[in-house]
Amino acid sequence: MDVAEVLREHWNLKPDVVEPLTGGMNSAAYLVSHEGRRLVLKAVGEDDTAFEPGLALAVRLDDAGLTTGRPTPSNHGRLVERVDGRQVAVLEYVDGPELVETDQAEIGDLLGRVHAAAAVEPGDTADWLRFLLPFEESLDLEPWIRPAVEGAVTEAIALGRLSWAWLHGDPAAEAFRRQADGEVALIDWGSAMEGPILYDVASAVMYTSDQVVPAYLRQRPELSDEVDRGLDMFLRVRWAVQAGYFAWRIANNVLTGISGPADNARGLAHARSSFGL
């Protein structure tokens with residue numbers, strides 16, 4: 001894909017500099033300089049159904065006062081253009097250092113504000129958990145994977161009615177950026193979806209520690225009982241997703257965003273150890 005040409009044709013931008021960005025597991029991204037302004041062009045596959053809804057969520061949260069790396073509409077007013085079999089968007093570049101695993105309080109605080117601003121009516125947990133199904137044919141890669149995944153799903157369904165919101169989907173510390181004014185931004189909305197808030201909380205705990213929880217509950221104190229009751233179950237759901245995802249990557253030899261097959265193997269092994277296996 002000719003990034004400069006895509007920018008000219010679809011966003012009427014003539015970039016001064018285009019530099020590839022690294023680190024995306026499921027996407028390609030480029031830092032674009034244009035008349036003193038920095039933007040990010042991001043491209044994902046046509047089958048990525050979370051991409052466009054995630055961008056729309058980033059707009060709504062930005063309108064609510066959170067910094068999200070807001071997408072810039074194309075010449076046609078669209079958040080996403082389809083180019084050469086890819087979905088492409090142009091986002092505001094969010095400067096500032098990434099948070100680290102010890103910044104749990106700020107991560108929990110901002111995640112609580114996101115969920116408060118993006119709350120939705122609860123849906124059916126069993127239906128929602130079908131997002132694991134894209135990995136279905138890879139769950140027999142190793143004998144422990146399917147029982148672990150199915151057990152985690154069964155436990156989560158047994159919790160019954162849960163609070164829902166639009167979720168970030170992958171709130172690792174590096175998605176949070178400290179800005180010059182001290183405020184924290186949350187970027188990378190490509191995994192966004194509606195679902196139980198416990199999934200995002202469990203994801204943040206998985207990436208850092210359970211010290212994100214007190215800060216989260218200071219924003220959402222009404223969810224204290226729900227988090228206490230369901231967090232451990234959703235930690236297993238989160239590791240089940242990790243297991244299915246890396247099993248799928250191994251089975252299909254997907255190497256985007258990593259240095260080689262050993263990284264996929266380590267991801268799967270980490271999921272296994274988290275189930276105590």
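Preceding block: the structure.
These notes cover the structure that comes with them. Values in this document were obtained by computation on a predicted structure and should not be read as measured data.

What about the side chain of serine 203?
Here comes step 1: Secondary-structure assignment places serine 203 in helix α6 (residues 197–207).
Here comes step 2: Judged by relative accessible area, which is 0%, serine 203 ranks as buried.
Here comes step 3: Once residues within four sequence positions are removed from consideration, serine 203 is found in contact with Gly169, Pro171 and Arg238.

Here's the deal with the sheet that holds strand β7 (residues 164–167)
Here comes step 1: Taking strand neighbours across the sheet as the criterion, the three strands line up as β6-β7-β10 in an open arrangement whose pairing is antiparallel. Each of the sheet's edge strands pairs with one partner strand only, and the pair in question is β6 (119–120) and β10 (193–196).
Here comes step 2: Running at roughly 115° to β7, helix α3 (residues 104–117) makes contact with β6 and β7 of the sheet.
Here comes step 3: Where α6 meets the sheet, it contacts β7 and β10, and its direction lies at approximately 90° from that of β10.

Quick look at the pattern of salt bridges
Here comes step 1: The tally for this structure, following the rule as stated, stands at 21 salt bridges.
Here comes step 2: Close ionic contact of arginine 178 with aspartate 103 constitutes a salt bridge, the shortest N to O distance being 3.5 Å. Residue arginine 178 is located in strand β8 (residues 176–178), and its partner aspartate 103 is located in the loop between β5 (86–92) and α3; the two are separated by 75 residues in the primary sequence.
Here comes step 3: A residue is classified by how much of its surface remains accessible, and aspartate 103, at 15% relative accessible area, is buried.
Here comes step 4: As a salt-bridge pair, arginine 130 and aspartate 127 come within 2.3 Å of each other at their nearest N and O atoms.
Here comes step 5: Owing to a relative accessible area of 48%, arginine 130 belongs among the partly exposed residues under this scheme.
Here comes step 6: Among the charged side chains, a network of salt bridges with common partners joins Glu136, Asp140, Arg146 and Glu150.

What to know about the packing of α6 against helix α7 (residues 212–219)
To describe two helices that pack against each other, one gives the angle between their axes and the distance between the axes.
Here comes step 1: Their axes nearest at 10 Å, the elements α6 and α7 cross at an angle of 145°. Together, Ile197, Val201, Ala204 and Val205 of α6 and Val212, Val213 and Tyr216 of α7 make up the contact between the two elements.
Here comes step 2: In terms of residue class, the contact of α6 with α7 is made up of seven nonpolar, no polar and no charged.

Some points on α3
Here comes step 1: With 14 residues, α3 should reach 20 Å at 1.5 Å per residue; the first-to-last C-alpha distance of 20 Å fits that figure.
Here comes step 2: Turning to α3, its buried residues are Gln104, Ile107, Gly108, Leu110, Leu111, Gly112, Val114 and His115.

Focus on the environment of alanine 116
Here comes step 1: Take alanine 116: it is sitting in helix α3.
Here comes step 2: Counting along the chain gives 81 residues from alanine 116 to isoleucine 197, while the straight-line C-alpha distance between them is 10.0 Å.

Brief notes about the packing of aromatic side chains
Here comes step 1: Applying the stated criterion across every chain, the model contains seven aromatic pairs.
Here comes step 2: Seen from their ring centres, tryptophan 128 and phenylalanine 234 are 6.3 Å apart, and the 35° between their planes marks the pair as tilted. One end of the pair, tryptophan 128, is in helix α4 (residues 125–128); the other, phenylalanine 234, is in helix α8 (residues 224–251), and 106 residues separate them in sequence. Each member of the pair, tryptophan 128 together with phenylalanine 234, is buried.
Here comes step 3: In this structure an aromatic cluster arises from ring pairing among Phe135, Tyr245, Phe246 and Trp248.

Comments concerning helix α5 (residues 145–158)
Here comes step 1: With 14 residues, α5 extends 20 Å between its outermost C-alpha atoms, agreeing within 8% with the 20 Å of an ideal straight helix rising 1.5 Å per residue.
Here comes step 2: For α5, the set of buried residues is Ile145, Arg146, Ala148, Val149, Ala152, Val153 and Ala156.
Here comes step 3: Buried residues in α5 make contact with α4, α8 and α9 (261–274).
Here comes step 4: Two residues or fewer past α5, glycine 160 is found with a positive phi of approximately 80°.

What to know about the packing of α5 against α8
Here comes step 1: For the pair α5 and α8, interaxial distance at closest approach is 9 Å and the crossing angle is 145°. Here the hand of the crossing between α5 and α8 comes out left-handed. Here α5 contributes Ile145, Val149, Ala152, Glu155 and Ala156 to the contact with α8, which in turn contributes Met233, Phe234, Arg236, Val237, Ala240, Ala243 and Ala247.
Here comes step 2: Class assignment for the residues of the contact of α5 with α8 results in ten nonpolar, no polar and two charged.

Considerations on the environment of glycine 151
Here comes step 1: By the element assignment, glycine 151 lies in helix α5.
Here comes step 2: Judged by relative accessible area, glycine 151 falls into the partly exposed class, the value being 31%.
Here comes step 3: Once the C-alpha coordinates of glycine 151 and methionine 233 are considered, the two residues, 82 residues apart in sequence, prove to be 9.8 Å apart.

Section: the sheet that holds strand β3 (residues 37–45)
Here comes step 1: Within the open sheet, the five strands sit side by side as β1-β2-β3-β5-β4. Their pairing is antiparallel. Unpaired on one side and paired on the other, β1 (17–21) and β4 (81–83) mark the two borders of the sheet. Neighbour-to-neighbour, the strand axes of this sheet turn through a mean angle of 30°, independent of strand direction.
Here comes step 2: Pairing of β3 with β5 involves seven bridges; the strand directions are antiparallel. Looking at the pairing, alanine 43 lines up with valine 88 of β5.
Here comes step 3: Helix α1 (residues 3–11) rests against β1, β2 (28–34), β3, β4 and β5 of the sheet, and its axis sits at about 80° to β5.

Criteria and thresholds
Residues numbered from 1 in each chain as written. Predicted model: local features only at pLDDT ≥ 70, side-chain atom pairs only at ≥ 80, totals over all residues. Heavy atoms only, no water. Helix = DSSP H or I, 4+ residues; strand = E, 2+ residues; numbered from the N terminus. Buried < 20%, exposed > 50% of the residue type's maximum accessible area, 1.4 Å probe, protein only. Contact = heavy atoms within 4.5 Å. Pairing = 2+ DSSP bridges. Axes fitted to C-alpha atoms, helices over the stretch in contact; angles between N-to-C directions. Salt bridge = Lys/Arg side-chain N within 4 Å of Asp/Glu carboxyl O. Nonpolar A, V, L, I, M, F, W, Y, C, P; charged D, E, K, R; others polar. Expected span 1.5 Å × (residues − 1). Phe/Tyr/Trp six-rings, centres within 6.5 Å; stacked < 30°, edge-to-face > 60°. Left-handed = near helix turned anticlockwise from the far one by under 90°.

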